[in-house]
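Reading the structure
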Amino acid sequence: MLQKAAVIGSAFAALARTVGAAQPGAAQPVPAPMRDLVWGKLNFLHTTDTHGWHAGHLQEPQYSADWGDYVSFAEHMRAKADRDGVDLLLVDTGDRVEGNGLYDASDPKGKYYYDIYREQAVDLICTGNHELYVASTADREHQRTVPNFRQNYIASNLDYVDPESGERMPMAQRYRKFQTKNQKLDVVAFGFLFDFTGNANNTVVQPVEETVQEQWFQDAIREEADVFVVIGHVGVHMPEFRTIFRAIRKQNPLAPILFFGGHVHVRDATAYDSRSFAVASGRYFETIGWMSVDGELERTAHSEDADFSFHRRYIDNNLVGLHYHTGLNESTFPTEHGRNVSAMITKARDELKLDQTFGCAPKTLWMSRSPYPGKDSIYSWLENEVLPDVAVNSSRGDVPRLVILNTGAIRFDIFKGPFTRDTTYIVSPFLSAFTYIPNVPYRIARKVIKLLNSAGKIMESGPMDNRFMAIPEQLVIHEDIVHESPAADAYADAFGQKPLGGSAEKRPRLTEGYTTKDDIGSDGDDTVHAPVNFYVVPNCVQAEVEFPTDGEPETVDLVFLDFITPWVLMALRLLGGEYSQKDVQPYIEGTLTGLMTGWIEKNWPKDC
Ligand SMILES: *[C@@H]1O[C@H](CO)[C@@H](O)[C@H](O)[C@H]1NC(C)=O
Ligand SMILES: *[C@@H]1O[C@H](CO)[C@@H](O)[C@H](O)[C@H]1NC(C)=O
Ligand SMILES: *[C@@H]1O[C@H](CO)[C@@H](O)[C@H](O)[C@H]1NC(C)=O
Ligand SMILES: *[C@@H]1O[C@H](CO)[C@@H](O)[C@H](O)[C@H]1NC(C)=O
């Protein structure tokens, strides 16, 4: 305990400086008490679900380092591994695209992103579902990222269909066998995608249960390996990883098996048995995951009683923390390569005019950090202010209507300050438009929202789970609502003691951020934070527009985002309304994103 306190004390002192943030205009990074990285013989840095956030979070100091800083960080960490005679590998598990202007704002999409991303020397890389929704995205992934990482890209259960020849081929190599640089450890690595079915028709995803029975897979797990590494766009608690684990373990009772997952946008870790370990490293380039394994890793030493130890850390993508973990400072940390990559990003952002401001947000609007309904809820703002104003078609202007929006259509908070071109892609990256069914009896229409918001599923199984309309983070958080707790308690939780000194002024002031609890414990985050509130939001919210002041309307127009059409039709059917796809018509031109941006231009002050 004493030793820990000393580490915290010195780290805090060492960090109590400000440093220049990565991108011009980015928020200044913030110091905070830190937990150290534990190195082993084999060490990993992991990114997942970065969704185009390679410029970092310009409005959030906690995550404002950029891809160039990560290039510098990895360079220093590799140098340390070389000095110590251990190995370091970099992993990325997909969903690199969609969700930030750096990718979405160009035509074609990703005009700058592919060249920026490739600058990082990623050793093991695979595909996420977002690389596959749109055929042209999958084409570009195959034409650009796969060749950029020729030796390192793995597609164990994914095929690509060539647009010219129609020929079906593996997206990339099925697995990778290689030796680590310093210890010459034999690694056999796989790269999976969960059993995804929403892909465009130029890729084919093979269910994991089938892949593990393929001859090539059965041969691969019989290769001489010191360590098996499975990377995947798969949550670490999803059944696909269990299936892969069981298949490898059956053939290799003693070998360490390491998993790197993603998709569910959370920091998470677990162990499937005492010789396996799995980590997932968050979302949106807020987190750089760390895993290390120590012990007798050579296969000749894999006896019954050989002991392996595993560690994980979730590193905030905060420049101050990256300096801390490398023991460097503002002037010694950036490498020439890292600076070059940061400059590439700045240039791309300029050319994409991502800083162009549509209006100035008068306050921060939260998705789940403040309660819905409530004055700081982004959903209440949409429901009360935006939707009644923008969900209008003059030909149906005075018809009472219910306007339904699924909460998953919004992907990020709006921070007080400039609402830019970049923000539009961040907050609502989808091309969702409003559709409607005219003249639905109100006695039926009024009950639709209740069904959409009921727990579980409207239909028995498959993609109709109601929760898919809400934000993906809720898939794993469930009813585990975090309430406000004073910083001192978070400190006590983290270190098992109250901070030294007692008086409030002497305590390190904790910033709000991740306070992760996973199957391994509550010491995973590299930075000690005060917890962030998390309030569960409904699957859908609804605005009532043009309602009579007295009484109820006889019929209403039922207006909703096209994405939720299948759920709405199913709900109507359950309520006795026989409607089908042919009753659903376009309501207004433009996307939710475009309409919201238009509203902001009209209603928020231009300058901050
Ligand atoms: C894939 O879908 C596109 C667009 O819907 C269609 O034109 C094409 O024929 C389809 N290709 C195959 C191989 O089914
Ligand atoms: C950074 O570290 C170097 C080497 O230890 C030192 O010379 C320099 O003064 C430090 N710079 C800052 C800004 O602290
Ligand atoms: C950085 O950019 C400069 C100028 O374009 C170039 O000369 C240099 O080779 C680059 N260095 C690295 C390590 O990428
Ligand atoms: C209103 O609806 C009509 C009929 O569906 C459509 O032609 C028109 O474009 C819509 N108006 C707007 C502003 O979207």
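Every chain's residues receive numbers from 1 upward, in the order its sequence appears when written. Chains and ligands are labelled by the order in which they are written, letters from A for the one and numbers from 1 for the other. Only residues with pLDDT of at least 70 get local features here, since the model is predicted, and only at 80 or more are side-chain atom pairs given and counted; chain-wide, interface and lining totals rely on the full set of residues. Computation of side-chain values: all heavy atoms of the structure, hydrogens and water removed.

1. Notes on the sheet that holds strand S14 (residues 309-316)
When DSSP finds at least two bridges between two strands, those strands are taken to pair. In this description a helix means any DSSP run of H or I spanning at least four residues, a strand means any run of E spanning at least two, and both kinds are numbered starting from the N terminus. Pairing is mixed in the open sheet, where five strands are placed in the order S3-S2-S1-S13-S14. Across the chains shown, the open sheet's two edge strands, defined by having one partner strand only, are strand S3 (124-125) and S14. With six bridges joining them, strand S1 (residues 42-47) and strand S2 (residues 87-92) adopt parallel strand pairing. Its bridge partner lying in S2, asparagine 43 is registered against leucine 88.

2. Notes on unusual backbone geometry
Of note, the amide linkage connecting aspartate 107 to proline 108 takes the cis form, showing an omega dihedral of 0 degrees. Among the structural elements, proline 108 can be located in the loop between helix H3 (101-104) and helix H4 (113-117). The amide bond that connects tyrosine 372 to the next residue, proline 373, takes the cis arrangement and shows omega of -10 degrees. When you line up the elements, proline 373 lands in the loop between strand S15 (357-361) and helix H11 (378-390). Not every positive phi belongs to a glycine, and aspartate 49 is a case in point at roughly 50 degrees. Within the secondary structure, aspartate 49 is located in the loop between S1 and helix H2 (67-84). Positive phi, close to 55 degrees, is recorded for lysine 184, a residue that is not glycine. When you line up the elements, lysine 184 lands in the loop between strand S6 (175-179) and strand S7 (186-193).

3. Description of a negative patch on the surface
Together, Asp195, Glu209, Glu210 and Glu214 make up a region of like negative charge exposed at the surface. Its place among the elements puts glutamate 214 in the loop between helix H6 (208-211) and helix H7 (215-220). For every residue, the accessible area (1.4 Å probe, protein chains only) is compared with the maximum for its type, and the residue is labelled buried under 20%, exposed over 50%, or partly exposed between those bounds. You can call glutamate 214 partly exposed: its relative accessible area is 31%. Put simply, a patch holds well-exposed residues, over 30% relative accessible area, that have no salt bridge, with like charges counted together within 9 Å and Val, Leu, Ile, Met, Phe, Trp or Tyr side chains within 5 Å. For the area figures, the Shrake-Rupley method with a 1.4 Å probe applies, and any residue is considered shielded solely by the protein chains shown. The salt bridge criterion pairs a side-chain nitrogen of Lys or Arg with a carboxyl oxygen of Asp or Glu, the two atoms within 4 Å. Positive: Lys, Arg. Negative: Asp, Glu. His and the chain ends are not part of the count. To locate a charge, take NZ of a lysine, CZ of an arginine, CG of an aspartate or CD of a glutamate.

4. Digging into the confidence of the model for the protein chain
A score between 0 and 100, pLDDT records how confident the predictor is in each residue. For the protein chain, per-residue confidence averages 89 on the pLDDT scale, and 89% of positions sit at 70 or higher. Low pLDDT (under 50) marks residues 1-18, which in the prediction has 23 contacts with non-local residues, meaning those over four places away or in another chain. Here, two residues are considered to be in contact whenever any of their heavy atoms come within 4.5 Å of each other. Taken together, the stretch residues 478-507 has pLDDT below 50 and engages in 45 contacts with residues farther than four places along the chain or on a different chain.

5. Quick look at helix H13 (residues 442-452)
For H13, the complete set of buried residues consists of Tyr442, Ile444, Ala445, Val448, Ile449 and Leu452. Around the axis of H13, the buried residues are gathered within 165 degrees of arc, so they sit on the same side. Exposed residues on H13 whose side chains face more than 90 degrees from its buried face are Arg443 and Lys450. Residues of H13 that are buried make contact with strand S16 (401-406), strand S18 (433-441), strand S21 (540-545), strand S22 (555-561) and helix H16 (565-574). The directions from the helix axis to the C-beta atoms are what the arc is built from.

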